[in-house]
Amino acid sequence: MIAIIGDIHGCFYTLQNLVEKIKQKYPGLSIYCVGDLVDRGNHSYEVMEYVKSEKIVFTPGNHDYMFYYYMKDPLSVWAKAWFQNGADATLRSYENRMDKIDDHLELIEQAPLFIDHKDCFISHAGISIYLVDKLPKNILEDHTKLDNALREDLFDQHSIIWSRDELLNIGKLQIVGHTRRQEVYQNKINNVLYIDTAAVAHNKLSAVIVDQNKLIEIMSENTDTSDAAATSI
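These remarks concern the structure in this document. Remember, it's a predicted structure, so these values are computed and weren't measured experimentally. (Residues numbered from 1 in each chain as written. Predicted model: local features only at pLDDT ≥ 70, side-chain atom pairs only at ≥ 80, totals over all residues. Heavy atoms only, no water.)

1. Comments concerning the side chain of K204
Note the cut-off: In this description a helix means any DSSP run of H or I spanning at least four residues, a strand means any run of E spanning at least two, and both kinds are numbered starting from the N terminus. Under this definition, polar contacts are N or O atom pairs within 3.5 Å; protein pairs additionally need one hydrogen-donor-capable and one acceptor-capable atom, and for neighbouring residues in sequence, both atoms have to be side-chain atoms. The criterion used for residue contact is that any of the two residues' heavy atoms lie within 4.5 Å.
Summarising the element assignment, K204 is placed in strand β9 (residues 204-211). In this structure the side chain of K204 is engaged in a polar contact, spanning 2.5 Å, whose partner is the side chain of E183. With residues up to four places along the chain from it excluded, the contact list for K204 reads Q182, E183, T197, A198, A199, S220, E221, N222 and T223.

Structure (C-alpha cells):
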C-alpha cells in the first residue's frame, strides 16, 4: 500500500499539511508524487527542499522538465516554453537561494520517468493510446525498452508528460496528474486515476491511497491562501 500525491505547483504549505494527514493516518507509508512540483505557485523552492528532505519519490512533470532545461540548456524548445508556463513564480522563489538550484535540478534529472510499483503504475500524464504502436508488445515486462520508447520525443503532445489523450489500458492501475479535475476521477474502463485537483487554482491538493491496484482512500487538503496568487492558472 502506498500514497500518491497530485500536481503540487509550488503549493508548499498545502503539501506539508497533506503529508502530515497521511502520516497521521498511515504511519510509515511510502509517499510518491506524479510531478509538476514547480511553477505557478509561490513556493517552488520550498517544495523541492521538502520533497528532498521527506524522500518523496516523484516522476517529473512537464513543468519540472521545462525548469530543468531552462537552467541546463536555455536555447532548447523546453526553455522557450517555460516562460509561458509559470517560470516567473519559480524564479522568484529561488531569489537569494541559487546555491541550492543544482541540487534540485539533480533531483529532477535522476527522477524516473515512470514508476511501475506492485500497487500501481505512476507517471505524470500517463501512457497515451497513440503510443501503442511504439511500445514493447508486453508493455511492463521490460522497463528499459519501455523507458527508451517513452523518451523518444518527450516534448510531443502524446508523450507521458504532456498527453491529455485517452490513456491506454495497460492491465494495471495508472495514477496520473497533468489533466486537472475538481475531484479525483477514476476511469474504470481505461483503469486510470486522475489526481491533479488544481491546488494552484485554489481548489485542493489530493492524494490517493492504493493497494494492489485498488483505490483505498482519497485524502485532500484545501489550498493554503499563501501558496498561490489569485491569478494562478
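2. With respect to the side chain of D119
Locating D119 in the fold gives a position in the loop between β4 (115-117) and β5 (120-122). Reaching out from D119, the side chain makes a polar contact with the backbone nitrogen of Q212 at a distance of 2.6 Å. Apart from residues lying up to four places away in sequence, D119 is in contact with M1, I2, V210, D211, Q212 and N213.

3. A few points about the packing of helix α2 (residues 44-53) against helix α6 (residues 101-110)
Heads up, the condition is: Between N-to-C directions, angles span 0 to 180 degrees; the directions come from axes that are lines fitted to C-alpha atoms, helices contributing only their stretch in contact. Should the near helix be turned counterclockwise from the far one by less than a right angle, the crossing is left-handed, whereas a clockwise turn marks it as right-handed. Side-chain classes are defined by residue name, with Ala, Val, Leu, Ile, Met, Phe, Trp, Tyr, Cys and Pro counting as nonpolar, Asp, Glu, Lys and Arg as charged, and the others, Gly among them, as polar.
Direction vectors running N to C along α2 and α6 enclose 65 degrees, while the axes themselves pass 10 Å from each other. As for how α2 packs across α6, the hand of that crossing is left-handed. Of the residues in α6, those in contact with Y45, M48, E49 and K52 of α2 are D103, H104, L107 and I108. Here the contact of α2 with α6 is composed, by residue class, of four nonpolar, one polar and three charged.

4. Some remarks on the sheet that holds β4
Put simply, the test is: By this definition, two strands are paired if DSSP reports at least two bridges between them.
If you walk across this open sheet you meet the five strands as β4-β5-β6-β8-β7, and the pairing is mixed. Each of the sheet's edge strands pairs with one partner strand only, and the pair in question is β4 and β7 (185-187). In this sheet, neighbouring strand axes are inclined to one another by 20 degrees on average, regardless of whether the strands run parallel or antiparallel. Summarising the sheet, β4 and β5 pair through three bridges and their orientation is antiparallel. Its bridge partner being in β5, D116 is matched across the sheet by F121.

5. Here we look at helix α7 (residues 143-150)
As a reminder of what qualifies: For the exposure calls, accessible area comes from a 1.4 Å probe over protein chains only, and a residue counts as buried if that area is under 20% of its type's maximum, exposed if over 50%, partly exposed in between. Arc, as used here, means the arc of the directions from the helix axis to the C-beta atoms.
Restricting attention to buried positions, one finds in α7 the residues L146, D147, A149 and L150. One side of α7 carries all its buried residues, which in axial view fall inside an arc of 165 degrees. Across α7 from its buried face, at more than 90 degrees, point the exposed residues T144 and K145. Lining the buried residues of α7 we find β5.

6. Details of the sheet that holds strand β2 (residues 31-33)
With respect to topology, five strands assemble into an open sheet ordered β3-β2-β1-β9-β10, the strand pairing being mixed. Each end of this open sheet is capped by a strand with a single partner; those strands are β3 (57-58) and β10 (214-222). Both β2 and β3 contribute to a ladder of two bridges, which runs parallel. What sits directly across from Y32, in β3, is V57.

7. Some words on the pairing of β9
Across the eight residues that make up β9, a large majority, seven, are buried. Where strand β1 (residues 2-5) meets β9, four bridges bridge the pair, whose relative direction is antiparallel. Each residue of the ladder has a partner; that of I2, found in β9, is V210. Between β9 and β10, which follow one another and run antiparallel, lie two residues, and Q212 among them has a positive phi close to 50 degrees.

8. Some thoughts on the packing of aromatic side chains
Rule in force here: In summary, the pairing rule links any two rings of Phe, Tyr or Trp, Trp by its six-membered ring, whose centres are within 6.5 Å, and it sorts them by plane angle into stacked for under 30 degrees, edge-to-face for over 60 and tilted for everything else.
Inspection of every chain in the model, using the stated rule, returns 17 aromatic pairs. Measuring from ring centre to ring centre gives 5.3 Å for F114 and F121, while their planes differ by 15 degrees; the resulting arrangement is stacked. Of the aromatic side chains, those joined through ring pairs into one cluster are Y45, F67, Y70, W82, F83 and Y94.

9. Digging into the packing of helix α1 (residues 12-25) against α2
Where we set the bar: In these notes the angle categories are as follows: under 35 degrees is roughly parallel, over 145 is roughly antiparallel, 65 to 115 is roughly perpendicular, and the rest is oblique.
Axis separation between α1 and α2 bottoms out at 9 Å; the angle between their running directions is 25 degrees. Considering the angle they form, α1 stands roughly parallel to α2. Every residue of α2 that contacts α1 at F12, L15, Q16, V19 and E20 is listed here: E46, V47, Y50 and V51. Considered class by class, the residues forming the contact of α1 with α2 number six nonpolar, one polar and two charged.

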